Amino acid sequence: MSTHVDPATADAPATDWRDTKRYMWLWGLFAPAGLFIIGLPLIIGLNALGWHEVAQLPVWLGPILVYVVIPIADIFFGPDGNNPPDEVMEYLENDRYYRYLTYLYLPFQYASLIFGSYLIMSDNLSWLGFEGHGLHVANKIGLAITIGMIAGVGINTAHELGHKKVDMERWLARIALAPSFYGHFYIEHNRGHHVRVATPEDPASSRFGESFWAFWPRTVSGSFKSGWKLEKTRLARLDKSPWSLQNEVLTSWLMSVVLFAALTAIFGIGLLPYLILSAIIGFSLLESVNYLEHYGLVRQKTASGRYERPAPEHSWNSDHIVTNIFLYHLQRHSDHHAYPTRRYQTLRSWDGAPNLPSGYASLILLAYFPPLWRKVMDPRVLAHYDGDITRANIHPPKREKILARYGVVEDSQAADK
């Protein structure tokens, strides 16, 4: 039997399988580095042609990438379908090349944040070809949105790092969360969401009939409260006050405060509204992904009154390769919940897990328009439960209306459970 030997993986187990995405993962660094790779050359080139107004548009690279380029690429390249076999899992897990790629996200993320802050606050960008003026206000907003989307994808990088047992990686996760002011995610996701996933008690699991715009305030406030409560409980067991530097939620927020204070001290207080906007965009991008991942899915209660264990059928998956590359296999979400500490390169798609019609990037945009979202996703939830809508995680304010729509009459005793 012949084997494929890659010089970079010469010590790998003897097998015909090879990671065809090994060097594709480098594309994941395009998100934080895009301003330098594409943005700057375009700005300079367009200004050289005398197209000064058009030359400001590349600062909108973030929404163009997330809402246009990646969804189109997902359609064009389609699903991946390539799972690592058991015999290479340990080797693949220990290959440091993959973790170094996640580490590299952070310097590019912060370089884009600092450079973007400079572009927003500078009144003279003649060195870029502009004629003695800075960006228009509308394009400053566009740049803040781009920086926010880099921070949002950075939350996913923090998600990958924060699940690991290496202390340095946990610190890097908190650094990646600082620009989005969402440090409590590091605590709430690991110790809250993974415990309560796909239950009505989980603020990060969206419900059938709940629009993204109803989910957003519930998950933002609920995650904030959950993260603080989890740390307060942990510290109480140690006889420690929550108002101490041992509170990892508090110290994570302090990292954001220090970062924002340093940037405004360097570039001016006028930068602060743009930093706040970018933070909101960043954590909203995360929450739009959360909205997709468990919509309408619920773990049923057992005879003991406890929820059944999380299983593949409790997460929406997608194996579209382009979004997988940019989000470190986050779309293989069932495997992530089954093995939270497993590194992204070893995550596998599961047979039998419910699948989204396209990649996460495509569905994010759809989620912003509730009628379109319901048209696409509600039939899939219903089909997943074999037509029994009562088995879904239904949004309580709309429960009666939804059940009536599907011809279900529920007695008051069942409704209270």
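Residues numbered from 1 in each chain as written. Predicted model: local features only at pLDDT ≥ 70, side-chain atom pairs only at ≥ 80, totals over all residues. Heavy atoms only, no water.

Novice: Can you lay out the UniProt feature "transmembrane region" (unreviewed entry) in the chain for me, pointing to particular residues and giving the numbers?
Specialist: As recorded in UniProt, the feature "transmembrane region" (unreviewed entry) lies at residues 25–51, 57–79, 100–121, 141–159 and 253–277. Across residues 141–159, the secondary structure splits into 100% helix and 0% strand, with the terminal C-alpha atoms separated by 27 Å. (UniProt positions renumbered as here; feature names shortened; annotations may be inferred. Helix = DSSP H or I, 4+ residues; strand = E, 2+ residues; numbered from the N terminus.)

Novice: Lay out helix α4 (residues 96–121) with the relevant residues and their values.
Specialist: Between its first and last C-alpha atoms α4 spans 39 Å; for 26 residues at 1.5 Å apiece the expected length is 38 Å, and the two agree. Here α4 starts with a cap whose side-chain oxygen sits 3.1 Å from the backbone nitrogen of Tyr97, and that cap is Asp95. (Expected span 1.5 Å × (residues − 1). Polar contact = N/O pair within 3.5 Å; in protein donor to acceptor, adjacent residues only side chain to side chain.)

Novice: Can you lay out the UniProt feature "domain: Fatty acid desaturase" (unreviewed entry) in the chain for me, pointing to particular residues and giving the numbers?
Specialist: With numbering aligned to this structure, UniProt lists the feature "domain: Fatty acid desaturase" (unreviewed entry) at residues 143–350. Counting secondary structure, residues 143–350 comes out at 59% helix and 0% strand; the distance between its end C-alpha atoms is 38 Å.

Novice: Which residues make up empty space enclosed by the protein, and what values go with them?
Specialist: Enumeration over the complete set of coordinates arrives at eight cavities of 30 Å³ or more. Of the pockets and cavities examined, the largest cavity occupies roughly 390 Å³. Around the largest cavity, the lining is made up of 31 residues, and of these Val66, Gly152, Val153, Leu285 and Leu327 lie nearest the centre. Of the residues forming the lining of the largest cavity, the biggest block, eight residues, is contributed by helix α5 (residues 137–162). Here the residues of the lining of the largest cavity sort into 20 nonpolar, 10 polar and one charged. Estimated volume of the second largest cavity: approximately 80 Å³. Lining the second largest cavity, in full, are Asn156, His159, Glu160, His163, Lys164, Leu327, Tyr328, His329, Leu330, His336, Arg342 and Leu347. In terms of residues, the lining of the second largest cavity owes the most to one element, α5, which gives three residues. Here the lining of the second largest cavity is composed, by residue class, of four nonpolar, five polar and three charged. (1 Å grid on protein atoms, 1.4 Å probe; cavity = no way out; pocket = protein on both sides within 12 Å on 5 of 7 lines; lining within 4 Å. Points joined across faces, edges and corners; volume = space filled by probe spheres on them. Nonpolar A, V, L, I, M, F, W, Y, C, P; charged D, E, K, R; others polar.)

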